[in-house]
Amino acid sequence: MPETLNNALALQGLGLLLATFGVAGLVRGFTGFGTALIAVPIANIYMPAKDVIAIVALTGIASNAIILPRALRQSDLPEVGLLVLFTFATVPIGLWLLDYIDGITVRWMITFVAGGMLCALVSGWRYSGTVKAMGLLTVGAAAGLVGGITGLSGPVVILFYLAGKSAVRTVRANTIVFLASFDFVVIAYLLAVGDLTGLLILLACMMAIPYGIMTLVGQILFDERRERIYRFASYFIIALAVISGLPLWESG
């Protein structure tokens, strides 16, 4: 244990990572998403992609304990259940593919996924129709595959909800429930293949302290009556992820 603790404390960028997870917690508590969008691009600078995905999923336990109970009451559980169903099948595929993709490629993928999502939303693209079961399963499958490779399961589902007509309270609640399910799938898979080390668990516990505290603050700040603020905050988070995720400094 002392050796594991020493290794954790010796991690390059530890202070920045703690601050990053604090910001991610504030955003997650307010919008219902944003942990991976904020934490993954920064953490990928210092750790392998699969380790980052593991830490984000483990710290998710801290935020889920705070925001999931209310979200379960406010969400459309049958709809989210269909989204999650195919996510279960495709997350392991994405995590398996991650072993064969280099870190810079993953970071470019993160940038393009987040950037594409932002462009679609800012352009004003919306749909007004009803999405049937097969459509929900397709969205869930895509979210699981993208999430397994990049750690960003949220963009696909968030784009699906923000482009629709649902009230912001329902959007936030559905997103929280979906991302909690995604964290569960990731942790279960990594446990099954033996990729959860003591160091990763310890680092996750360290990140969970500022993350959990700021998640509670973010939830207190959320006001469903201020839809424009909610959407602006969501767009800003995505833009921040695109900029911070650009791996241009790696090419020089």
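Just above sits the structure.
Residues numbered from 1 in each chain as written. Predicted model: local features only at pLDDT ≥ 70, side-chain atom pairs only at ≥ 80, totals over all residues. Heavy atoms only, no water.

Residues and numbers for helix α4 (residues 49–74), please.
Because each turn of an α-helix spans 3.6 residues, side chains separated by three or four positions in sequence point in the same direction. Taking 1.5 Å of rise per residue, the 26 residues of α4 would be expected to cover 38 Å, yet its terminal C-alpha atoms sit only 33 Å apart, more than 12% below that figure. Of all the bends in α4, the greatest, near 50 degrees, is centred on N64. (Helix = DSSP H or I, 4+ residues; strand = E, 2+ residues; numbered from the N terminus. Expected span 1.5 Å × (residues − 1). Bend = angle between axes of the 7 residues up to and from the residue.)

Go over the pattern of salt bridges, please, and point to the residues and values.
Here the structure, examined in full by the defined rule, presents 2 salt bridges. The salt bridge partner of K50 is D195, with a shortest N-O separation of 3.7 Å. One end of the pair, K50, is in helix α4; the other, D195, is in the loop between α9 (168–193) and α10 (198–221), with 145 residues separating them in the sequence. Residue K50 is classed as buried on the basis of its relative accessible area of 13%. Given a relative accessible area of 29%, D195 falls into the partly exposed group. Each of K50, D99 and D195 takes part in salt bridges that share partners, so that together they form one network. (Salt bridge = Lys/Arg side-chain N within 4 Å of Asp/Glu carboxyl O. Buried < 20%, exposed > 50% of the residue type's maximum accessible area, 1.4 Å probe, protein only.)

So what about the side chain of T87? Which residues, and what values?
Relative to the assigned elements, T87 resides in helix α5 (residues 77–98). A polar contact is formed between the side chain of T87 and the backbone oxygen of L83, at a distance of 2.8 Å. (Polar contact = N/O pair within 3.5 Å; in protein donor to acceptor, adjacent residues only side chain to side chain.)

Describe helix α3 (residues 35–43), naming the residues involved and giving the relevant values.
Of all 9 residues in α3, 9 are buried; the element is thus mostly enclosed. For α3, the set of buried residues is T35, A36, L37, I38, A39, V40, P41, I42 and A43.

Note that every value here comes from positions in space, so none of it alone points to a role or purpose.
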